[in-house]
Amino acid sequence: MSVDSQSVDDVRDDGAAFPDGGDSRHTKRVLLVWDAPNLDMGLGAILGGRPTAAYRPRFDALGRWLLGRTAELSARETATLEPEATVFTNIAQGSADVVRPWVEALRNVGFAVFAKPKIDEDSDVDSDMLDHIALRSRDHGLAGVVVASADGQAFRIPLEEIAAAGVPVQVLGFREHASWAVASETLEFVDLEDIAGVFREPLPRVSLDALPDEGAWLQPFRPLSALLVGRQGVS
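Every chain begins its residue count from 1, and numbering advances along the sequence as written. Predicted model: local features are reported for residues with pLDDT of at least 70 only, side-chain atom pairs are reported and counted for 80 or more only, and whole-chain, interface and lining totals are derived from all residues. Side-chain measures were taken over the full set of non-hydrogen atoms in the model, leaving aside hydrogen atoms and water.

**Description of the side chain of R29**
What counts is decided by this rule: Helix and strand assignments follow DSSP, with helices taken as H or I runs no shorter than four residues and strands as E runs no shorter than two, numbered in order from the N terminus. Here, residues are in contact when the closest pair of their heavy atoms is within 4.5 Å.
Summarising the element assignment, R29 is placed in strand β1 (residues 27–35). If near-sequence neighbours (up to four positions away) are discounted, R29 is found in contact with E82, E84, R136, H140, G141, L142, A143 and G144.

**Comments concerning the environment of Q170**
Following the sequence through the fold, Q170 ends up in strand β5 (residues 169–173). Sequence-distant contacts of Q170, that is, excluding residues within four places in its chain, are made with W65, R69, V145, V146, V147, E188 and V190.

**Side note on the pairing of β1**
Selection criterion: Think of it in three bands: with a 1.4 Å probe and only protein chains considered, a residue is buried below 20% of the maximum accessible area for its type, exposed above 50%, and partly exposed in between. Only strands that DSSP links by at least two bridges are regarded as paired with each other.
Of all nine residues in β1, eight are buried; the element is thus mostly enclosed. Sheet analysis places β1 next to strand β2 (residues 80–92), joined by nine bridges and oriented parallel. Paired with K28 across the strands is L81, a residue of β2. Looking at chain direction, β1 and strand β4 (residues 142–148) are connected through six bridges and run parallel. Bridging across to β4, V33 finds its partner in V147.

**Concerning the sheet that holds β4**
We count it as follows: For every element, the axis is a line fit to its C-alpha atoms; helices are fit only across the contacting stretch, and the angle between N-to-C directions ranges from 0 to 180 degrees.
The six strands lie next to each other as β3-β2-β1-β4-β5-β6, forming an open sheet whose pairing is parallel. Looking at the sheet topology across the chains shown, the edges are occupied by β3 (112–118) and β6 (188–191). Taken pair by pair, the neighbouring strands of this sheet meet at an average axis angle of 20°, ignoring direction. In terms of strand pairing, β4 meets β5 through four bridges, oriented parallel. Counterpart to V145 in the pairing with β5 is V169. Sheet contacts for helix α4 (residues 126–139): β1, β2, β3 and β4; angle to β1, the most-contacted strand, approximately 175°.

**Some details on the packing of α4 against helix α5 (residues 152–164)**
For any two helices packed against each other, one specifies the crossing angle of their axes together with the interaxial distance. The following threshold applies: Any angle that is under 35 degrees is reported as roughly parallel, and any over 145 degrees as roughly antiparallel; angles of 65 to 115 degrees are reported as roughly perpendicular and all others as oblique. By the convention adopted, Pro, Cys, Tyr, Trp, Phe, Met, Ile, Leu, Val and Ala count as nonpolar, Lys, Arg, Asp and Glu as charged, and the other residues, Gly among them, as polar.
Two elements in contact, α4 and α5, have axes whose closest approach is 11 Å; the angle formed by their N-to-C orientations is 10°. Taken together, the axes of α4 and α5 lie roughly parallel to each other. Where α4 abuts α5, its residues D126, M129, L130 and I133 lie against A154, F155, P158 and I162. A class-by-class count of the residues in the contact of α4 with α5 yields seven nonpolar, no polar and one charged.

**Topic: the packing of aromatic side chains**
Defined as follows: The pairing test for Phe, Tyr and Trp rings, Trp by its six-membered ring, is centres within 6.5 Å, and the orientation test on the planes gives stacked under 30 degrees, edge-to-face over 60, and tilted for anything in between.
One pass over the full model with this rule turns up four aromatic pairs. Measuring from ring centre to ring centre gives 5.5 Å for F59 and F111, while their planes differ by 85°; the resulting arrangement is edge-to-face. Of the two residues, F59 is situated in helix α2 (residues 59–74) and F111 in the loop between α3 (96–109) and β3; the sequence distance between them amounts to 52 residues. The interplanar angle of 40° and the centroid separation of 5.3 Å between the aromatic rings of F88 and F114 together place this pair among those described as tilted. Linking F88 in strand β2 with F114 in strand β3, this pair joins segments that are 26 residues apart in sequence. The partly exposed category is assigned to F114, whose relative accessible area is 31%.

**Structural notes on the pattern of salt bridges**
Rule in force here: In what follows, salt bridge is the name for a side-chain nitrogen of Lys or Arg lying within 4 Å of a carboxyl oxygen of Asp or Glu.
Counted under the stated rule, the structure contains 16 salt bridges. In this structure, R205 and D191 form a salt bridge, with 2.7 Å as the shortest nitrogen-oxygen distance. Highlighted residues: R205 in the segment after β6 and D191 in strand β6, separated in sequence by 14 residues. Both residues of the pair, R205 and D191, count as buried. A single salt-bridge network, built from bridges that share partners, covers R175, E176, D191, E193, D194 and R205.

**Remarks on the nonpolar core**
The following threshold applies: Among buried residues, those of type Ala, Val, Leu, Ile, Met, Phe, Trp, Tyr and Cys that are joined through side-chain atoms within 4.5 Å constitute a nonpolar core.
Counting residues in each nonpolar core, the largest one holds 34 residues, and the members touching the most others are L32, W34, L62, W65, F111 and L172. Elements with a contribution of two residues or more to this core: β1, α1 (36–47), α2, β2, α3 and β4. Counting residues per element, this core draws most heavily on α2, at six residues. Filtering out sequence-adjacent residues up to four positions away, W34 remains in contact with L39, P57, F59, L62, T86, V87, F88, M129, A148 and L192.

**Digging into α2**
For the record, the criterion: To estimate how far a helix should extend, the number of its residues minus one is multiplied by 1.5 Å.
The terminal C-alpha atoms of α2 lie 22 Å apart, and with 16 residues this matches the ideal 22 Å at 1.5 Å per residue to within 8%. Within α2 the residues assigned to the buried category are F59, D60, A61, L62, G63, W65, L66, R69, T70 and L73. Next to the buried residues of α2 lie β1, β2, α3, β4, β5 and β6.

Here is the structure:
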């Protein structure tokens, strides 16, 4: 699945924008960063293809969840807490016109968007997400971090270090693809399907621990042709 399959209606919701204001000298962030390429791939694997409207995540519901999380953490803090959410995504060449309405709808809900051109297989946004978390930590401090990604190679150690420093850290995603977070003793895992309203319909999920008697198909995360990228001319 790619971001061009997102619907404007799936992210727009009046009144879901995050509040601004407060004295920045006494404000900490509750920061959410969403790894769109990674979660798109995970959702596509669960569905076996691009999602219909019923299976696209609703960012207005995610925003309301973050507001609730911020209120929960406020009870433990003397500082003013401000939620902030950013979607990190790649833009493939020639797709800007298709993706633009989705990006603008996200911004209308109250999410920032970091968009990076998709030049090759290495044009991921992991380092940009980590840089953003570090920047916000230096700015005013973090009262909470939420990372929506299943990429344990990129995020497990940095997030565990943040948690060890006393900042509550949550990982959002699909439990099938984030065993590193599910099993962590320092990170809290939240399955996206457990957040009210994020999906209109239950996802057709298959667990290896509870397979149907007739068996089940598990679709590949990427096509075999991806193995040839960057290897042209290699015998």
